[in-house]
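Each chain, letter by letter, is given below.
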Amino acid sequence: MSLPVPVCTSGPFSWSDGRGRAIIVGSLTPHSGGSMAKGITKRSDDYSQWYIDVVLKGEMADYSPVKGCMVIRPNGYGVWENIQRNLDRMFKETGHVNAYFPMLIPESFLKKEAEHVEGFAPECAVVTHAGGKLLEEPLVIRPTSETIIWAMYKNWINSYRDLPILINQWANVCRWEMRTRLFLRTTEFLWQEGHTAHATHEEAEEETYKMVHVYKTFAEEYLAMPVIAGKKTDQEKFAGALHTYCIEAMMQDGRALQAGTSHHLGQNFAKAFDVKFQDAEKNLTYVHASSWGVSTRLIGALIMTHSDDNGLVIPPKLAPLPVVFVPIWRNDDEKATVLGRAREITADWDPLFFKIDDRDQYKPGYKFAEWEVKGIPIRIEIGPRDCQNNEVVVVRRDTSEKITMPMNGLITNLRKLLEDIQANLFNVAKHRLDTHTRDCVSYEEYVANVEEGGFYRIHWCGDRACEDRLKEETRSTIRCIPFDAPEESGVCMLCGKPSSRRVIAAQAY
RNA sequence: CGGGGCGUGGCGCAGCCCGGUAGCGCACCUGCUUUGGGAGCAGGGGGCCGCUGGUUCAAAUCCAGUCGCCCCGACCA
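The following paragraphs examine the structure supplied in this document. (Residues numbered from 1 in each chain as written. Chains lettered and ligands numbered in written order. Predicted model: local features only at pLDDT ≥ 70, side-chain atom pairs only at ≥ 80, totals over all residues. Heavy atoms only, no water.)

Notes on the packing of aromatic side chains
For step 1, the next point in the chain: In total, this model carries 23 aromatic pairs according to the counting rule given.
For step 2, the next point in the chain: Relative to F483, the ring of Y209 lies with its centre 4.9 Å away and its plane at 65°, an arrangement referred to as edge-to-face. With Y209 in helix α6 (residues 201-221) and F483 in the loop between β24 (477-482) and β25 (490-491), this pair connects stretches of sequence that are 274 residues apart.
For step 3, the next point in the chain: A centroid spacing of 6.1 Å and a plane angle of 80° characterise the contact between F325 and F354, whose relative ring orientation is edge-to-face. (Phe/Tyr/Trp six-rings, centres within 6.5 Å; stacked < 30°, edge-to-face > 60°. Helix = DSSP H or I, 4+ residues; strand = E, 2+ residues; numbered from the N terminus.)

As structure tokens, then:
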């Protein structure tokens with residue numbers, strides 16, 4: 001798969017990473033000025049090393065002394081704060097409230113739901129000692145909070161008048177994974193988990209469906225990352241759920257990344273924790289549940305969707321710092337003039353919107369490179385010449401385009417430009433997704449191509465056996481059954497049995 | 001758990017084969033000159049060479065253990 005990808009100002013290109021995987025690049029070539037990105041592996045040379053380099057050089061995160069854990073640095077945490085702020089608003093606008101449940105969960109709680117314990121037991125960290133003594137009952141560090149939350153809901157729910165409960169929490173969780181990757185899969189990670197309780201199956205279903213669409217909207221509007229929303233296969237669903245909905249994104253190397261999930265838990269947890277309510281007709285019934293979450297993995301998704309060989313590219317809506325001024329001077333007089341004008345221009349601006357990089361110890365070129373690697377959406381160069389002409393040079397991170405703008409009314413033009421950048425990032429990513437999603441009929445064709453990345457729309461009979469075979473033979477999985485997949489009769493790509501709609505299959509992170 | 005790589009000033013590495021008491025680049029500090037794409041020169045500070053044991057007059061170097069980290073695969077958001 002090496003379909004051309006149009007970009008804004010430079011030519012389309014696509015290349016291989018030397019292991020046969022196509023690197024699908026929707027961003028820009030390095031601009032004039034030679035090799036900019038010191039110490040960043042090119043995507044074409046080694047995509048996964050590129051990702052690590054970008055995360056570290058962009059100061060998003062750093063490795064911690066404990067294997068599999070990471071420190072989220074201010075640049076990365078700033079993105080997370082923006083994700084939180086915007087998502088949190090969307091949750092509250094849909095009627096949810098925040099609460100906080102404890103991190104330590106009695107081990108016995110985890111065991112109450114059979115499928116749940118089976119799914120999570122292997123990856124739980126367990127506290128056995130505390131206060132210098134062996135604990136009577138070990139405490140599990142939450143891998144997710146369903147059990148502790150439902151143990152509490154039991155106390156809070158008596159009547160249909162107590163329902164629905166629409167609680168979200170922002171928290172850390174711990175899952176002992178075999179292999180970790182910065183942001184994408186770490187031992188401890190930050191996330192939000194919504195846990196709702198409803199009187200009926202239909203209400204819980206409506207909630208589950210609604211929240212996956214909140215995620216889709218958020219991913220597309222804020223992360224500028226197009227996603228495919230759909231339903232997971234039974235094999236891929238959450239441990240303890242009736243079914244799981246998800247959003248799936250495509251990274252620049254064509255691999256799929258699950259970016260958010262929403263589970264319809266049915267009455268499984270209500271039964272496990274004996275949570276019943278009395279309805280209007282005086283019947284005692286088990287409560288229906290949903291849970292849904294996104295994590296700091298979104299930051300990894302963001303990076304792998306937009307960043308380039310020069311470093312991070314952060315969408316304006318989530319950038320901790322949207323605009324940076326790099327003043328240029330040759331002597332103290334010029335320094336005074338240039339800084340004076342910069343401060344004058346920005347006098348009534350929101351201080352969180354911009355920064356004037358007046359550090360003395362670095363030359364402008366150094367600063368350009370630094371802010372570039374950190375993914376700041378807009379850099380403004382302001383020097384003596386600009387001051388004379390009452391203008392500034394504005395450079396956008398996504399295309400490297402330099403635009404001269406008058407000092408007068410600058411903020412208005414910048415806001416417009418930030419919107420353009422946001423839209424452009426989405427459009428480039430959307431085009432990549434569209435052009436690298438293709439119908440596939442024959443298994444031979446699939447096997448021959450799937451290694452190169454991209455999404456494949458295939459017919460699947462729905463049998464577990466075919467799904468297992470696909471995974472076994474191609475190291476790819478059925479990512480989801482898209483909500484918008486049209487009814488279409490066909491035959492299963494693997495076994496030839498009838499199928500009524502296509503599913504998305506791909507190699508995934 | 002398998003495969004690969006690596007542990008030497010803050011970071012990246014050389015030195016190890018052929019033992020002789022540690023070096024380079026970046027970063028850092030001081031000063032001067034510089035400043036529109038990662039500045040130059042001069043001077044300076046900083047390392048029980050991952051850990052333990054062994055061989056030896058002498059170990060970063062040889063031997064035996066051991067611990068840790070990263071990358072690639074099997075599980076997962």
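Having seen it, we continue.
Considering the packing of helix α2 (residues 74-93) against α6
For step 1, the next point in the chain: Between α2 and α6, the least distance of the axes is 11 Å, while the angle of their chain directions is 140°. One way to sum up the angle between α2 and α6 is to call them oblique. For α2 against α6, the interelement crossing comes out right-handed. Taken together, the residues of α6 that come into contact with α2 (itself represented by I83, N86, L87, M90 and F91) are M211, V214, Y215, T217 and F218. (Axes fitted to C-alpha atoms, helices over the stretch in contact; angles between N-to-C directions. Parallel < 35°, antiparallel > 145°, perpendicular 65-115°, else oblique. Left-handed = near helix turned anticlockwise from the far one by under 90°. Contact = heavy atoms within 4.5 Å.)

Things to note about the packing of α2 against helix α8 (residues 297-306)
Two numbers describe a pair of packed helices, the interaxial angle and the distance between the axes.
For step 1, the next point in the chain: Packing of α2 against α8 leaves a shortest axis separation of 10 Å and a crossing angle of 110°. By the angle between their axes, α2 is roughly perpendicular relative to α8. Contacts between α2 and α8 pair G76, V79, W80 and I83 from the former with L298, I299 and L302 from the latter.
For step 2, the next point in the chain: For the contact of α2 with α8, the per-class residue count stands at six nonpolar, one polar and no charged. (Nonpolar A, V, L, I, M, F, W, Y, C, P; charged D, E, K, R; others polar.)

Things to note about the pairing of strand β7 (residues 125-130)
For step 1, the next point in the chain: Alignment of β7 against strand β8 (residues 133-141), held across five bridges, turns out to be antiparallel. The residue bridging A125 from the neighbouring strand is I141, located in β8. (Pairing = 2+ DSSP bridges.)

What about the sheet that holds strand β27 (residues 502-506)?
By definition, the strands of a sheet pair up through backbone hydrogen bonds, in either a parallel or an antiparallel sense.
For step 1, the next point in the chain: Read from one edge of the open sheet, eleven strands run β5-β9-β10-β16-β13-β12-β11-β24-β27-β23-β22, paired in mixed fashion. At either end of the open sheet lies a strand with only one pairing partner, and these are β5 (97-98) and β22 (437-439).
For step 2, the next point in the chain: Bridge count for strand β12 (residues 243-250) against strand β13 (residues 256-266) is eight bridges, and the pairing is antiparallel. Among the inter-strand pairings, C246 is bridged to a residue of β13, identified as T261.
For step 3, the next point in the chain: Where α6 meets the sheet, its contacts fall on β9 (165-174), β10 (188-198), β11 (227-231), β12, β13 and β16 (288-295), and the angle it forms with β16 comes to roughly 15°.

Observations regarding the layout of surface pockets
For step 1, the next point in the chain: By volume, the second largest pocket is sized at about 620 Å³.
For step 2, the next point in the chain: Lining the second largest pocket are 25 residues, with A319, P320, L321, P322 and L352 sitting closest to its centre.
For step 3, the next point in the chain: Counting residues per element, the ones that place at least two in the lining of the second largest pocket are α2 and α12 (410-435).
For step 4, the next point in the chain: In terms of residues, the lining of the second largest pocket owes the most to one element, α2, which gives six residues.
For step 5, the next point in the chain: Looking at the lining of the second largest pocket residue by residue, the classes come out as eleven nonpolar, four polar and ten charged.
For step 6, the next point in the chain: Both domains that meet at the lining of the second largest pocket, namely domain 1 (77-305) and domain 2 (321-433), each give it at least three residues. (1 Å grid on protein atoms, 1.4 Å probe; cavity = no way out; pocket = protein on both sides within 12 Å on 5 of 7 lines; lining within 4 Å. Points joined across faces, edges and corners; volume = space filled by probe spheres on them. Domains from an automatic or database assignment.)

Notes on the sheet that holds strand β17 (residues 323-327)
For step 1, the next point in the chain: Reading across from one edge, β18-β17-β19-β20-β21 is the order of the five strands in this open sheet, with mixed pairing throughout. Whereas interior strands pair on both sides, the edge strands pair on one side only; in this sheet they are β18 (354-356) and β21 (402-406). In this sheet, adjacent strand axes meet at a mean angle of 25° when their direction is disregarded.
For step 2, the next point in the chain: Pairing of β17 with strand β19 (residues 378-382) involves five bridges; the strand directions are parallel. Among the inter-strand pairings, P327 is bridged to a residue of β19, identified as I382.

Quick look at the pattern of salt bridges
Close approach of charged atoms allows side chains with opposite charge to pair.
For step 1, the next point in the chain: For the structure on display, the rule yields 34 salt bridges.
For step 2, the next point in the chain: Between D357 and R359 there is a salt bridge whose closest N-O contact spans 2.8 Å.
For step 3, the next point in the chain: On the basis of relative accessibility, which here comes to 1%, the residue D357 falls in the buried class.
For step 4, the next point in the chain: For R359, a relative accessible area of 23% translates into the label partly exposed.
For step 5, the next point in the chain: Overlapping salt bridges bring together E59, R73, D357, R359, K367, E370 and K374 as one network. (Salt bridge = Lys/Arg side-chain N within 4 Å of Asp/Glu carboxyl O. Buried < 20%, exposed > 50% of the residue type's maximum accessible area, 1.4 Å probe, protein only.)

A closer look at the pairing of β16
For step 1, the next point in the chain: Most of β16 is tucked away, with eight of its eight residues classed as buried.
For step 2, the next point in the chain: The alternating pattern of β16 places H288, S290, W292 and V294 and A289, S291, G293 and S295 on opposite faces, both of which are buried.
For step 3, the next point in the chain: Strand direction decides the pairing type here: β10 and β16, joined by eight bridges, are antiparallel. By the bridge assignment, W191 is partnered in β16 with S295.

Examining a nonpolar patch on the surface
For step 1, the next point in the chain: There is a patch of nonpolar side chains on the surface, built from Y100, M103 and L104 and spanning about 280 Å² of accessible area.
For step 2, the next point in the chain: Among the structural elements, Y100 can be located in the loop between β5 and β6 (104-106). (Patch = residues over 30% accessible without salt bridge, like charges linked within 9 Å, V, L, I, M, F, W, Y side chains within 5 Å. Areas by Shrake-Rupley, 256 points an atom, 1.4 Å probe, with all protein chains shown as cover.)

Here we look at empty space enclosed by the protein
To find leftover empty space, one rolls a probe the size of a water molecule over the atoms.
For step 1, the next point in the chain: Summed over the entire model, instances satisfying the criterion amount to three cavities of 30 Å³ or more.
For step 2, the next point in the chain: Approximately 70 Å³ is the volume found for the second largest cavity.
For step 3, the next point in the chain: Lining the second largest cavity we find V324, W371, E372, I376, P377, I378, R379, V395, R396, R397 and S400.
For step 4, the next point in the chain: Only α10 (364-373), β19 and β20 (391-396) provide two or more residues apiece to the lining of the second largest cavity.
For step 5, the next point in the chain: Looking at side-chain class alone, the lining of the second largest cavity contains six nonpolar, one polar and four charged residues.

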